[in-house]
Amino acid sequence: MNAIEIHDLHKGFEGFSLKDISFSVPQGTVMGFVGENGAGKSTTIKCMLNLLKKEYGEILLFGKDIVEYELAIKNDIGVVFDELHVPETLNATQLDKFMKRVFKTWDSNYYFERLTQFKVPKRKKVKELSRGMRMKLSIALALSHHPKLLILDEPTSGLDPIIRDEILDLFLAFMQDETHSILFSSHITSDLEKIADYITFIHNGEILFSESKDVLLYDYGIFKGTNEEISELPEQAIIQKREGTFGLEVLVLKNEISEAFTVERPTIEDIMLFFVKGSVQP
Amino acid sequence: MTALLVKDLMTIQRQLKTQAFILIPMLFFSILMGQGSIVFSFILFILVIQAITALTYDELCSWDKYVNTLPITKSEIVLSKYMLSLVLMLIGLIIALPVVFLINHFTNDWETANFFLTFNLLIGAAFCLLALILPIYIKYGSIKGRIVLIVLCFIPGLLIGLLEEYFADVVITISKLQQFSYLVPFIGLFILWLSSLIATAIYKRKDF
């Protein structure tokens, strides 16, 4: 079963549109949703949450249509944005009073345990918290009704590596339950390399690929060479080419080329750059 | 709905406390003038604008983006602002009425009949003001909403100016309707209900 299924999602704005986006997140997995700023990650997430009205297409969460079963679905999801969108005059304890009236499954003990774990002050107003603290509070709020799916829109952007690492550990702990799933939107690809099972890459409102992380990192390779050397590569092995600092670089399928060619292991960032800046024709 | 009311009350509680302090000089002023209606009007006005304060706080933090990820309907989100105003007005009345009665008792300024006429008109006016303000703020936000409201406030003045020759007749007709003044709060409530339907329809069409 898929936690998220999106088919042919279209949403147009002046100068930008999501163009018939399709991808799915299998239950029990973490999907990294990558793309540069303005690629359409947040727009896709907003459509998934029915914050934006889609023009056409189908969005299913837990196999149910998000518009038709909105409230039932929202009981089972936790959302973290890149900011904590709650009135800044409130504090963590007051937010608990609000949330326990929203969710029947709200677990105040679990919430306060997380706050203690993250060292988030319980009575300090949101406006007095640092950005890292706000994000930790946001994550505690998203986790404490025990959701089955986490939708994270740039939760680690602007945070230092130590806090980012703590937050990633939390998400990994959440994934200990195999019925749980995460959609993790970010342009910090190193975070996704740590946590994601699949990577979906969006560029200019289009999905360029949606693939298992292991396939991307272990089946793909980067070959660096001259034009002559590259012309010896089998056509079917070449995915993308680009101009590198010291000559041409080719993203290849490792099992399609001879071992005589030395290839480097790519990072997700390398693969993104090949797709955005590269082209199939040299 | 209760969750949203609790959240709004927690959000504006500091603001309410500050405004309660402003009430003290108003109370003295009211006693000195022997005019219970001053403090009564002030309390009503302060409470009416609390819904706006709550909406402004929400707008500042993009609350709508967050609250719409929770299992809460859009109708509840809108109605909670109307309920907030009604609850605060009810609390305000419970606090204000004994004070107003005491002022009147010691000053003998306000006859009972006059008191109920003023009371009904002020409550009706407060409901109508809310009915106007809330959909405008929900549609345009607090900055644009304020401008739209200012523009709208000029319209009655403009109409009075244009219909000046008929205006004396209108005043006479209204004064004849005094005996039906007890209906004013109910008419106000009905207008408020219509306003909530409009505001909900506006909110449902919004993207966040």
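Along each chain, residues carry numbers from 1 onward, in the same order as the chain's sequence is written. Naming scheme: in the order in which they are written, chains are lettered from A and ligands are numbered from 1. Totals for whole chains, interfaces and linings use all residues, but because this is a predicted model, local features are given only for residues with pLDDT of at least 70 and pairs of side-chain atoms are given and counted only at 80 or more. Working from all heavy atoms in the structure, the side-chain values ignore hydrogens and water.

**Points about the side chain of A:D65**
All names here are of chain A. We apply this condition: Segments assigned H or I by DSSP are reported as helices when at least four residues long, segments assigned E as strands when at least two residues long, and all are numbered from the N terminus. Only protein chains enter the accessibility calculation, which uses a 1.4 Å probe; a residue is then buried when its area is under 20% of its type maximum, exposed when over 50%, and partly exposed in between. Only four residue types enter the tally: Lys and Arg on the positive side, Asp and Glu on the negative side, with His and both chain ends excluded. Salt bridge, as used here, is a side-chain nitrogen of Lys or Arg placed within 4 Å of a carboxyl oxygen of Asp or Glu. Distance and chemistry together define a polar contact, namely a pair of N or O atoms within 3.5 Å, with one atom able to donate a hydrogen and the other to accept it when in protein, and with adjacent residues in sequence counting only for side-chain atoms on both sides. Residues count as neighbours in contact if any of their non-hydrogen atoms are within 4.5 Å of one another.
Along the chain, D65 falls in strand β5 (residues 64-65). Look at D65: it is buried, it has no salt bridge, and the nearest opposite charge is K54 at 4.4 Å. A polar contact is formed between the side chain of D65 and the backbone nitrogen of E68, at a distance of 3.1 Å. When sequence neighbours within four positions are dropped, the list of residues in contact with D65 reads K54, E58, I59, L60, E70 and I73.

**Digging into the nonpolar core**
Applicable threshold: Put simply, buried Ala, Val, Leu, Ile, Met, Phe, Trp, Tyr and Cys residues joined by side-chain atoms within 4.5 Å make one nonpolar core. Per the annotation, domain bounds derive from an automatic or database assignment of domains.
Core analysis: the biggest nonpolar cluster contains 134 residues, and A:F98, A:L137, A:I151, A:F171 and A:L183 have the highest contact counts within it. A total of 13 residues in this core trace back to one element, the largest contributor, which is helix α5 (residues 112-162) of chain B. Residues from two domains meet in this core; each of domain 1 (2-211) and domain 2 (216-277) of chain A gives at least three. In this structure A:L183 touches A:I4, A:F23, A:V25, A:M31, A:F33, A:I45, A:M48, A:L149, A:L150, A:I151 and A:L152, once residues within four positions along its chain are discounted. The next biggest cluster of nonpolar side chains, apart from the first, holds 10 residues, and it includes A:F223, A:V250, A:V252 and A:F261.

**Describing the environment of B:S195**
Residues and elements named next belong to chain B. Assignment of secondary structure puts S195 in helix α7 (residues 184-204). Accessibility expressed as a relative area gives 4% for S195, which makes it buried. If sequence neighbours within four positions are ignored, S195 has contacts with Y82, L130, A131 and P135.

**Some points on the packing of aromatic side chains**
One pair of aromatic rings is described through two measures. These are the centre distance and the angle between the planes. Our working rule: Only Phe, Tyr and Trp rings take part, Trp by its six-membered ring, and two of them pair if their centres are within 6.5 Å. Stacked means planes under 30 degrees apart, edge-to-face means over 60, and tilted covers everything else. By definition, being over a ring means that NZ of Lys or CZ of Arg is both within 6 Å of the ring centre and within 35 degrees of the ring normal.
Scanning the entire structure with this criterion turns up 13 aromatic pairs over all chains. Arranged with centres 5.8 Å apart and planes meeting at 35°, the rings of B:F190 and B:W193 form a pair that is tilted. In this pair, B:F190 and B:W193 both sit in helix α7, 3 residues apart, roughly one turn of the helix. For B:F190, a relative accessible area of 47% corresponds to the partly exposed category. Here the basic side chain of A:K64 rests over the ring of A:Y69, its NZ or CZ set 5.7 Å away from the ring centre. For the cation-ring pair, B:K139 lies above B:Y140, with the distance from its terminal atom to the ring centre recorded as 5.8 Å.

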